[in-house]
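# Architecture at a glance
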Amino acid sequence: NLRVVVRNYGALNVKQAPLHFEITGPGGRLQNTQLVDLAGQASAVIDLPLKVEKDGLYQGFVEITTDDDLPLDNRRWVAFEARHPDRVLLIDGQEGRSVFANETYFLETALRLRTDEINGTERSFEPERIAWESGAGFPRLDGYRALVLANVRRLTDTDGQRLEEYLKGGGSVLIFVGDQTSRESLAPLAQRSLL
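This section reports on the structure supplied with the text. (Residues numbered from 1 in each chain as written. Predicted model: local features only at pLDDT ≥ 70, side-chain atom pairs only at ≥ 80, totals over all residues. Heavy atoms only, no water.)

## What about the overall build of the chain?
Per the secondary structure count, the chain includes three helices and ten strands. When the elements of the chain are put in sequence order from the N terminus, they spell out β-β-β-β-β-β-β-α-β-β-α-β-α. By its C-alpha atoms, the chain is 75 × 35 × 20 Å across when sized along the principal axes. Counting over 195 residues, the chain shows a buried share of 32%. For the chain, long-range pairs separated by at least 24 residues make up 63% of all intrachain contacts whose partners lie at least 6 apart in sequence. (Helix = DSSP H or I, 4+ residues; strand = E, 2+ residues; numbered from the N terminus. Buried < 20%, exposed > 50% of the residue type's maximum accessible area, 1.4 Å probe, protein only. Contact = heavy atoms within 4.5 Å.)

## Brief notes about unusual backbone geometry
Excluding glycine, most residues fall at negative phi; most peptide bonds, likewise, are trans. Although it is not a glycine, Gln16 sits at a positive phi angle of roughly 55 degrees. Along the chain, Gln16 falls in strand S2 (residues 14–25). The exposure class assigned to Gln16 is partly exposed, which follows from its relative accessible area of 44%. Of note in this structure, Gln41 is not a glycine but carries a positive phi near 60 degrees. Note that Gln41 resides in the loop between strand S3 (28–38) and strand S4 (43–48).

## Describing the pattern of salt bridges
Counting across every chain of the model gives eleven salt bridges. Glu63 serves as the salt-bridge partner of Arg75, at 3.2 Å between the closest nitrogen and oxygen. Of this pair, Arg75 sits in strand S6 (residues 75–82) while Glu63 sits in strand S5 (residues 56–64); the two residues are twelve residues apart in sequence, bridging distant segments of the chain. Put simply, Asp86 and Arg83 hold a salt bridge, and the shortest N to O gap is 3.0 Å. Relative accessible area serves as the criterion here: at 11%, Asp86 is assigned to the buried category. The partly exposed category is assigned to Arg83, whose relative accessible area is 45%. (Salt bridge = Lys/Arg side-chain N within 4 Å of Asp/Glu carboxyl O.)

## Concerning the sheet that holds strand S8 (residues 125–131)
The strands that make up a sheet pair up through hydrogen bonds in the backbone, lying either parallel or antiparallel. On the basis of which strands lie adjacent, the open sheet formed by four strands has the order S8-S7-S9-S10 and parallel pairing. The open sheet has two free edges, formed respectively by S8 and strand S10 (172–176), since each of these has just one partner strand. The mean angle between the axes of side-by-side strands here comes to 20 degrees, regardless of whether they run parallel or antiparallel. (Pairing = 2+ DSSP bridges. Axes fitted to C-alpha atoms, helices over the stretch in contact; angles between N-to-C directions.)

## Comments concerning the packing of aromatic side chains
Considering all chains together, one arrives at five aromatic pairs under this definition. Judged by centre distance (5.6 Å) and plane angle (10 degrees), the rings of Tyr58 and Phe80 are stacked. In this pair, Tyr58 is assigned in strand S5 and Phe80 in strand S6, connecting sequence segments 22 residues apart. Of the residues examined, Tyr58 reaches a relative accessible area of 0% and is grouped as buried. (Phe/Tyr/Trp six-rings, centres within 6.5 Å; stacked < 30°, edge-to-face > 60°.)

## Notes on the side chain of Ser185
Along the chain, the position of Ser185 falls in the loop between S10 and helix H3 (187–191). Looking at Ser185, its side chain comes within polar contact range of the main-chain oxygen of Ser182, at 2.7 Å. Ignoring anything within four residues of it in the chain, the contact list for Ser185 reads Val152, Arg153, Arg154, Leu155 and Gln180. (Polar contact = N/O pair within 3.5 Å; in protein donor to acceptor, adjacent residues only side chain to side chain.)

## A short note on the side chain of Glu108
Counting through the fold element by element, Glu108 comes out in helix H1 (residues 105–111). Those residues in contact with Glu108, other than ones at most four positions away along the chain, are Leu90, Pro127 and Arg129.

Next up, the structure:
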């Protein structure tokens with residue numbers, strides 16, 4: 001939805017004023033019109049249905065058509081970037097005895113939060129968590145926007161090479177050290193100048 005705040009600064013009520021938007025982006029041209037009633041000296045928050053199907057930059061305007069002495073302020077320009085939630089792989093170096101004791105518990109909880117503005121239907125991140133097993137290596141990394149290594153015990157040369165390829169492909173890596181992490185455990189990254 002496109003949320004619009006409209007205000008009637010006049011003393012008289014406004015009936016059935018067309019509120020219209022036109023927005024253009026990678027998904028083509030989007031437009032909609034809704035009739036609005038506004039009491040004198042009142043504001044209203046209007047949610048206009050906006051179905052964005054393709055990621056990218058969208059820009060356009062929202063305007064209300066009504067008879068007033070200052071039509072210049074009836075149009076507002078809008079621009080936003082629409083994108084699907086980023087997939088984030090959380091690599092838990094030490095799985096706890098309970099879910100609350102996992103190395104990535106608090107980060108995963110924060111990334112899964114939903115907000116009232118988007119009615120709890122979507123979020124910015126789609127985290128996935130795996131427990132790290134030395135020697136098992138990484139799963140397929142394509143499709144993840146970021147990797148989080150949390151207290152990972154040991155990385156092999158193959159792991160270092162996979163991370164280097166992932167970073168060269170545009171990925172991001174965030175490393176949290178802990179009681180299991182040592183200079184030797186991160187040596188494959190240091191050798192490739194990834195630290």
